[in-house]
Each structure stands twice: as structure tokens, then as C-alpha cells.
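Notes for the structure review
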Amino acid sequence: MADLISESLPLAVFACFPGQSRGRRHAEPEAPTRTAFQRDRDRIVHSTAFRRLVYKTQVFLNHEGDLFRTRLTHSLEVAQLGRSIARALALNEDLVEAIALAHDLGHTPFGHAGQDELDERMRDHGGFEHNLQSLRVVDSLEERYPAFDGLNLCFETREGILKHCAARNARRLEAREPGGVAARFLSTADHGPERVQQPSLEAQLVNLADEIAYNAHDIDDGVRSGLITLDQLETVPLFDDQRRQTLTEYPQLAGRRLLFETIRRMLSEQVYDVIAATRAAIDAAQPADVNAVRRQAALVRFSPAMRERSQQLKRFLMHNLYRHPQVTETTAQAKRVVAQLFEAYRAQPGEMKPAFASQRNQPRAVADYIAGMTDRFAAREHERLTGLRLLA
Ligand code: MG
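Everything numeric in this text was worked out from a predicted model, so none of it was measured. (Residues numbered from 1 in each chain as written. Predicted model: local features only at pLDDT ≥ 70, side-chain atom pairs only at ≥ 80, totals over all residues. Heavy atoms only, no water.)

Below, the discussion takes up helix H19 (residues 375-386). The terminal C-alpha atoms of H19 lie 16 Å apart, and with twelve residues this matches the ideal 16 Å at 1.5 Å per residue to within 8%. Among the residues making up H19, those that are buried are Asp375, Ala378, Glu381 and His382. For H19, the angular spread of buried residues about the axis comes to 130 degrees, placing them on one side. In this structure, the buried residues of H19 make contact with helix H16 (325-347) and helix H18 (362-371). With its phi angle positive at about 75 degrees, Gly387 sits one or two positions after the end of H19. (Helix = DSSP H or I, 4+ residues; strand = E, 2+ residues; numbered from the N terminus. Expected span 1.5 Å × (residues − 1). Buried < 20%, exposed > 50% of the residue type's maximum accessible area, 1.4 Å probe, protein only. Arc of directions from axis to C-beta. Contact = heavy atoms within 4.5 Å.)

Applying the stated criterion across every chain, the model contains 37 salt bridges. In this structure, Arg144 and Glu142 form a salt bridge, with 4.0 Å as the shortest nitrogen-oxygen distance. The exposure class of Arg144 is partly exposed, given its relative accessible area of 37%. With a relative accessible area of 5%, Glu142 lands in the buried category. Each member of the salt-bridge network shares a partner with another, and the members are Arg34, Arg41, Asp42, Arg83, Arg87, Glu93 and Glu97. (Salt bridge = Lys/Arg side-chain N within 4 Å of Asp/Glu carboxyl O.)

With that settled, the discussion passes to a positive patch on the surface. A contiguous patch of positive charge, built from Arg25, Arg168, Arg172 and Arg176, is present on the exposed surface. The topology assignment puts Arg25 in the segment before helix H1 (36-45). (Patch = residues over 30% accessible without salt bridge, like charges linked within 9 Å, V, L, I, M, F, W, Y side chains within 5 Å. Areas by Shrake-Rupley, 256 points an atom, 1.4 Å probe, with all protein chains shown as cover. Lys, Arg positive; Asp, Glu negative; His and termini not counted. Charge placed at Lys NZ, Arg CZ, Asp CG, Glu CD.)

The next thing to look at is the nonpolar core. With 82 residues, the main nonpolar core has Ile44, Leu91, Leu105, Leu162, Leu201, Ile219 and Phe239 as its most contacted residues. Non-local contacts of Ile219, meaning those with residues more than four positions away in its chain, are made with Ile228, Leu233, Phe239, Leu259, Ile263, Met266, Leu313 and Leu317. In terms of nonpolar packing, the next biggest core, distinct from the first, is built from 20 residues, Phe110, Met122, Val338 and Leu341 among them. (Core = buried A, V, L, I, M, F, W, Y, C linked by side-chain atoms within 4.5 Å.)

With respect to the helices and strands, the residue Asp221 is situated in helix H10 (residues 201-225). Taking C-alpha positions, Asp221 is 39 Å from Arg171, a pair spaced 50 residues apart along the chain.

Attention shifts here to the coordination of the magnesium ion. Within the protein, the magnesium ion binds to His74 (NE2), His103 (NE2), Asp104 (OD) and Asp210 (OD); these donor distances fall in the range 2.1 to 2.8 Å. Between consecutive donors of the magnesium ion, the numbers of intervening residues give the motif H-x28-H-D-x105-D. Of this pair, His74 sits in helix H3 (residues 71-88) while Asp104 sits in the loop between helix H4 (93-102) and helix H5 (111-121), and the two are 30 residues apart along the sequence. Neither residue differs from the other here; His74 and Asp104 are each classed as buried. (Donors = N, O, S within 2.8 Å, 3.2 Å for Na, K, Ca; no water.)

Right, let's get into the state of the cysteines. For the structure shown, the criterion picks out zero disulfides. Cys16 provides the cysteine sulfur closest to Cys154, a residue in no disulfide bond, and the two sulfurs are 9.9 Å apart. (Disulfide = S-S within 2.5 Å.)

Relative to the helices and strands, Thr374 is located in the loop between H18 and H19. By relative accessible area, Thr374 is classed as buried at 12%. Separated by 3.2 Å, the side chain of Thr374 and the backbone nitrogen of Phe377 make a polar contact. (Polar contact = N/O pair within 3.5 Å; in protein donor to acceptor, adjacent residues only side chain to side chain.)

Written out as C-alpha cells, the structure is:
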């Protein structure tokens, strides 16, 4: 049966090999036609949480327009960028794809506004972190299989999904799974000198691809919404150098085509930079395998010059888009919706679905229930429970 399974290209020694996976939490027989990571990717695509990403906000709320990125299209863009870089570095594309498609599963409705408000409401009950919630979705909240809760993904996929984790939560995870996915968030004092510092290169790559993707598509969505202009973007070197290059070749180009071509070239420039800088870092470090990768500083990286250019763009977006009065006004309303939903379910747990209403840890069940909602379901529930309509 083994010959039915194929990897696209030979992998580097420091890549993640599915045959050497640290395994699943519940033992399962291998699939006859797919590697362990291909199977993880498929489980993620078939999950309920994945389908919900289409109606979850990235920056603009779902009802603000049909062409803005949602968490689903964002995740697909991260998978595309991640896979093309993975191929050039001989890393495992299937694992990169699985992590990319799952990396935002734990996001609440209404983007960061929802997550910040839920964290605030959960302050006395362990807080709320979206990265930890993504892991919680694949480890326990999905209900699809007869023998276990969650999707029972491989260690390497789960390791990539848990991008950050507060030390307090890391200790809790570590107690359940010693030396597991949370080990790298514990200090040397907790974990000894041979401590794990990084996840696999595939996981490191998805983090960087995430950043490249949202920086680029937030420019596109920002211009589409009218909140930022092409003229303002002339102050961002990463954008403006490519805009000038494009105009040298196509002097007549203007408007959306100029925007798209500039973003396209900007993406290519960053992808080539990551490939070159990461190759150099790998050549210098010569990791013998993925365990060697885990014991050193991050190897997937931008060059210092590109890191600086990327930060300039981030600062621009923070100042001009994420803190635009129109965005912050919607954000404030979204926080109110989440806060009032939380209080309503705390007061009347029976208003939640029975599986959540019957949980012993009620604050956590309410957080799980709200976190799983799409933007529009949350808005509808809020209106049903409060009679108010905060998000027009
Ligand atoms: Mg993301």
C-alpha cells in the first residue's frame, strides 16, 4: 500500500517527515493513500470550524462588503504563500498547508475586537487566547469521530497551530502532555537546558506567510474600502518601490490594476527574500533534523532590510487602517455585542445549545460557544437576546 502515497518532492533532512511524526494523541491505523499530514489537512478542511471561517471577520466585518477578505480567504492565501516557499526550501508542503488552513480556527467573530473582549470577560476564569483556542478546536471542540473528541491531529500540526501561549496556560498543557506542544513556551527553569525553543520550520514558515499575507491583503482591502489611498501608500517603501518599477514598465497603468500589480510584485519580493535569507540561515546552522531545528533560534526569516521594510508597512497599516475612526467605531460596537452576549449566556445558560449549557465549567463553555460563532450568527443572537441592533 505504501506506494499509493506520494510526497510531491524529496524533502530536506531538516523537514518534517510524516513517517517520523511524534504521532496522534489517540493511536489510529495509517491511512492507505495519504501521509499523516495530508490526512490532517483533509480533516481540517472537513471540519465545522473551517466552514465557519467564511463568515468570520479579518479586518472588515462580514456584512461590510462581499469582496473583503474573510478568515477563510486569508487562510487560503497563507496556505498558497506557505506552500510555494516550502517547495523552494524542500520543506513539507502538506504540513504547511494543514497548519495554514487551521491557524485561525480559534478566532472569535468580529476579528481582534471579539477576542480582546472575550479575554476581558474571561479575566477571572483563565482568559481567552485565540491561538490556544485554535488548538482547543482541533483537540476537543470538534465532534466528528466516534472514538475521540477533536480531530486527533499529529503532534507537528498541533505544534504549528499553537503559535503563542501564555506561560500559565503552557504549564497547564504541559501537565497534560509532558514535553508536548506547549514545552517551548516554558522557561529553562521549568524545562531544563535542552529546552525546545522553536517549532518545526514548517510551523515557523506559516507564521511568516501569515504576516506577508495580511500585510498585502489589508492594503488591497484598505484601498477598496476607501479608508486608505494610493497616494498615502507612497510613504511606504516596500509598496512604493514596486509601484515605481511597475510604472517604468507600464507608464499608463493606474487605479486597481496598478494596485494589484504592485501588490503582486511586493509579494514576490518578500517571498524571494524569505527563501534567500532562510537558505542562508539553514546553511549556517546545518540542522541535522527537525529536533535540531527545535533547539535553536528561528531559522525562517526575512533579511534584516526586508524585516525593516515589513515593519514600516505594519506601522502604516496600524496608523492608517486598523486605527481609522471608521474601523475603531465598528470595533467598539463589536466589543459591546460580545460583552452583552457573554453576560446574557452567563445569566441564562439555557439560551446556548444544550451541549454548551450542560458543561460544568460555565464561563469556559460560554467563551467556547461565542468563539465558535460567525459574525452574522453572533449579531443575530445578540439581537434575539437583547432586542438591540448594534451592527447595522
Ligand atoms: Mg492569520
